[in-house]
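Structural overview for review
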Amino acid sequence: MTRKDLLGLRGMPRTEIENILSTAASMREVGRRKIKKVPTLRGRLVVTLFFENSTRTRTSFELAAKRLSADTLSFSVSTSSTTKGESLMDTARNIHAMSPDAIIMRHACAGAPHLLGRSFPFSVINAGDGINEHPSQALLDMLTMQDHWGSLEGRTVAIVGDVQHSRVARSNIYGLTTMGARVLVAGPGTMCRRELAGLPVERRHTIDDVVAEADAVMMLRIQRERLGKALLPSAREYAAFYGLDLARLQRARPEVLVMHPGPINRGVEIGADVADGERSVILDQVTNGIAVRMALLFLLLGGREGGEDAG
Ligand code: CP
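An account of the accompanying structure is given in this report. (Residues numbered from 1 in each chain as written. Predicted model: local features only at pLDDT ≥ 70, side-chain atom pairs only at ≥ 80, totals over all residues. Heavy atoms only, no water.)

Re the sheet that holds strand β5 (residues 156-160)
What links the strands of a sheet is backbone hydrogen bonding, and the strands pair in either a parallel or an antiparallel sense. Taking strand neighbours across the sheet as the criterion, the five strands line up as β7-β6-β5-β8-β9 in an open arrangement whose pairing is parallel. Edge positions in the sheet fall to β7 (202-204) and β9 (257-259), since each of these pairs with one other strand and no more. Recorded for the sheet is a direction-independent mean angle of 20° between the axes of neighbouring strands. Where β5 lies against strand β8 (residues 216-219), four bridges are found, and the strand directions are parallel. Across the sheet, Ile159 pairs through a bridge with Met218, a residue of β8. (Pairing = 2+ DSSP bridges. Helix = DSSP H or I, 4+ residues; strand = E, 2+ residues; numbered from the N terminus. Axes fitted to C-alpha atoms, helices over the stretch in contact; angles between N-to-C directions.)

If you want it as structure tokens, here you go:
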């Protein structure tokens, strides 16, 4: 990979996505070894810098870096001097003084990782920026689907929920359509507006319209902070109109994949029996996250000065 940073999937060529997915598939073998470690990034420093909470992304990036023998530094914003008013750029300058090779960054502002990528020589990986993109999530989602189908070409993926404000949806839309899949979206009008027509998706009005056609149904997290506001009157109403329960799932293709990026609101966007059911690949997505993030670190750092060959 010749790029320095991984900021989004918008405009990423198909060959590059294919390379990341095939590298990730080969990285899984390391996780099956008794000693789950290779020396590829020995001596390199990977820093996680999360200005928003995370369970899956942060831990799997850290685990991926450790499996490649990189040193890791987890920069906790809540206990750092950012709480005393230190700016993002000053924080980054101070981390830069510690000579990191890569920073994995999550921030509430769209474009914040792009700013760091332009300003510093280390690699920046976007772990979610506002409502813009979450590229590693979409890559692990695509790897999970590819595991079942062999190819994404010609497949139909339904994305249901707050598409408008979802960085997961945006990255998946860019990635999936580049890979030849068709993307259907459905959600309340406030969360799935007409402007989505600017994205390469087909909009439907009801969840039932998309579930029946889909090879995979990706349910998005309802952001509880929006409850009670203009976007969403109540969780109960949302569940009734847009939640994926067993009755709705019965109208889907028998081999449909049920996906969710997490964290899940059980009983709101997805029923517990569906999330834990036989069509769910939600925990496979989490496992694949480690391999995808190993691949990203390997491709971004492995070929650069100081990297060792994969062992
Ligand atoms: N899917 C995802 O980004 O999960 P986390 O917020 O736990 O990282």
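So that's the structure; there's more coming.
With respect to the packing of helix α2 (residues 56-67) against helix α11 (residues 282-302)
Relative to each other, α2 and α11 sit at 55°, their axes nearing to 8 Å. Relative to α11, the element α2 is oriented oblique. The way α2 lies across α11 gives a crossing that is right-handed. Contact residues: Arg56, Thr57, Ser60, Phe61, Leu63, Ala64, Ala65 and Arg67 in α2; Val286, Gly289, Ile290, Arg293, Met294, Leu296 and Leu297 in α11. (Parallel < 35°, antiparallel > 145°, perpendicular 65-115°, else oblique. Left-handed = near helix turned anticlockwise from the far one by under 90°. Contact = heavy atoms within 4.5 Å.)

Remarks on the pattern of salt bridges
Per the stated rule, a full pass over the model turns up 19 salt bridges. Between Asp90 and Arg93 there is a salt bridge; the shortest N-O distance is 2.7 Å. Highlighted residues: Asp90 and Arg93, both in helix α3 (residues 88-96), separated by three residues, approximately one helical turn. The exposure class of Asp90 is partly exposed, given its relative accessible area of 33%. The salt bridge involving Asp215 is made with Arg253; its shortest N-O contact spans 2.7 Å. Note that Asp215 is positioned in the loop between α7 (207-211) and β8 and Arg253 in the loop between α9 (246-249) and β9, a separation of 38 residues in sequence. Residue Arg253 is classed as partly exposed on the basis of its relative accessible area of 32%. In this structure, a network of salt bridges that share partners links the residues Arg182, Glu202, Arg204 and Glu213. (Salt bridge = Lys/Arg side-chain N within 4 Å of Asp/Glu carboxyl O. Buried < 20%, exposed > 50% of the residue type's maximum accessible area, 1.4 Å probe, protein only.)

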